[in-house]
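Summary of the model geometry
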Amino acid sequence: LGVQTAMAIAPADFPAQRPENRIVDEGDVLSRASRSELERRLEDFGAYRLDARLVTVRRLDYGFTLDGFGRELIDQWSTNGDASNPLLLLLIETQNKRAAVVADSALDTQLPESLLSSTGRTTMAIPLRDGERFRQSSLDGLNRLSIVLNGGEDPGPPEDMVRPTIPTNIPTQE
């Protein structure tokens, strides 16, 4: 793509047309094996008549939110090029460990905004915060969305894992 990864990124830094690859890893966080696995999973979404993409960035340009960045990218890629299938973008900002899912407005009935928001803020964000697991974050988000697209009930966000206090023989001050 030719985007400088050390600098903050805006949608204008991306090509006007949809890239050939479904994964744009400007954050440089996915291994070749992870990219290959995720690329296959994203291609599977073509069965739902949508074009699913994963975009990672190190950090966003000042004034952009991840949702706003995604909407501008969808507008840019939908008006310039093949718009036969509506876009679904999974976005990850690596510096702040944030994720978002943004979809073309044509997908509102299949994928409501509340589902997209919850998927980005919880399902995808938890693996990012708990150890920078970018591949797992993406797979979790794709799994949740595919369940809903297959007509299943939304499984909801992952439950917080409660870590019990383990008793020790070390005395505490009272």
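For the structure itself, look to the data block above.
Quick caveat: nothing in here was measured; it's all calculated off a predicted structure.

As a further point, take the side chain of threonine 56. Among the structural elements, threonine 56 can be located in strand S2 (residues 51-57). If we ignore the near neighbours within four places in the chain, the residues touching threonine 56 are Val24, Asp25, Glu26, Gly27, Asp28, Val29 and Ile92.

Once that is clear, we can look at the sheet that holds strand S3 (residues 87-93). Strand order in this open sheet of four strands is S1-S2-S3-S4, and the pairing throughout is mixed. Of all the strands in the sheet, just strand S1 (23-25) and strand S4 (98-103) have a single pairing partner and so form its edges. Strand-to-strand twist in this sheet, taken as the mean axis angle between neighbours without regard to direction, amounts to 10°. Relative to S2, S1 is paired through three bridges, and the arrangement is parallel. Its bridge partner being in S2, isoleucine 23 is matched across the sheet by leucine 54. Contacts between helix H3 (residues 113-129) and the sheet are confined to S3 and S4, with S4 contributing the most and set at about 150° to the helix.

Right, let's get into the packing of aromatic side chains. Under the criterion given, the structure shown has four aromatic pairs. Judged by centre distance (6.3 Å) and plane angle (80°), the ring pair of phenylalanine 14 and tryptophan 77 falls under edge-to-face. Here the residue phenylalanine 14 occupies a position in the segment before S1, and tryptophan 77 occupies one in helix H2 (residues 66-79), the gap between them amounting to 63 residues. Taking relative accessible area as the criterion, phenylalanine 14 reaches 5% and is therefore assigned buried. For tryptophan 77, a relative accessible area of 0% corresponds to the buried category.

As a further point, take the side chain of arginine 53. Checked against the element boundaries, arginine 53 lands in strand S2. Residue contacts for arginine 53: discarding those within four places in its chain leaves Arg18, Pro19, Glu20, Asn21, Arg22, Leu42, Leu87, Leu88, Leu89 and Leu90.

Within the largest apolar cluster, 27 residues are counted, with the highest numbers of intra-cluster contacts made by Phe45, Leu50, Leu54, Leu88, Leu90, Leu111 and Leu145. Contributions of two or more residues to this core are made by helix H1 (32-44), S2, S3, S4, H3 and helix H4 (134-149). Of the residues forming this core, the biggest block, six residues, is contributed by H4. Ignoring anything within four residues of it in the chain, the contact list for leucine 50 reads Phe45, Asn85, Pro86, Leu88, Leu107 and Leu149. Core analysis: the second largest hydrophobic core is formed by 16 residues, Ile9, Val55, Val57 and Val102 among them.

Another point: the pattern of salt bridges. A complete count under the given rule lists eleven salt bridges for this structure. Ionic pairing is found between glutamate 37 and arginine 135, a salt bridge with its closest N-O pair at 2.7 Å. Taken as a pair, glutamate 37 in helix H1 and arginine 135 in helix H4 lie far apart in primary sequence, 98 residues in all. Ionic contacts of the salt-bridge type, sharing partners, join the residues Arg18, Arg22, Asp51 and Arg53 into one network.

It is worth spelling out the pairing of S2 at this point. Of all seven residues making up S2, seven are buried, and the element is well covered by its neighbours. Taking the sense of rotation as the criterion, the β-α-β connection linking S1, H1 and S2 turns out left-handed. Looking at chain direction, S2 and S3 are connected through seven bridges and run parallel. Note on S3: the bridge partner recorded for arginine 53 is leucine 89.

Another point: H3. Because the α-helix completes a turn every 3.6 residues, residues three or four places apart line up on one side. For H3, which comprises 17 residues, the first-to-last C-alpha distance of 23 Å matches the rise-based estimate of 24 Å (1.5 Å per residue) to within 8%. In the structure, H3 departs most strongly from a straight axis at threonine 119, where the bend amounts to approximately 40°. Taken together, the buried positions of H3 are Leu115, Leu116, Ser118, Thr119, Gly120, Thr123, Met124, Ala125, Ile126, Pro127 and Leu128. Following H3 by one or two positions, glycine 131 has its phi on the positive side, about 125°.

What counts and what doesn't
- Residues numbered from 1 in each chain as written.
- Predicted model: local features only at pLDDT ≥ 70, side-chain atom pairs only at ≥ 80, totals over all residues.
- Heavy atoms only, no water.
- Helix = DSSP H or I, 4+ residues; strand = E, 2+ residues; numbered from the N terminus.
- Contact = heavy atoms within 4.5 Å.
- Pairing = 2+ DSSP bridges.
- Axes fitted to C-alpha atoms, helices over the stretch in contact; angles between N-to-C directions.
- Phe/Tyr/Trp six-rings, centres within 6.5 Å; stacked < 30°, edge-to-face > 60°.
- Buried < 20%, exposed > 50% of the residue type's maximum accessible area, 1.4 Å probe, protein only.
- Core = buried A, V, L, I, M, F, W, Y, C linked by side-chain atoms within 4.5 Å.
- Salt bridge = Lys/Arg side-chain N within 4 Å of Asp/Glu carboxyl O.
- Right-handed = clockwise from strand over helix to strand, strands pointing away.
- Expected span 1.5 Å × (residues − 1).
- Bend = angle between axes of the 7 residues up to and from the residue.

So, to be careful, I would describe these as geometric facts and stop short of saying anything about function.
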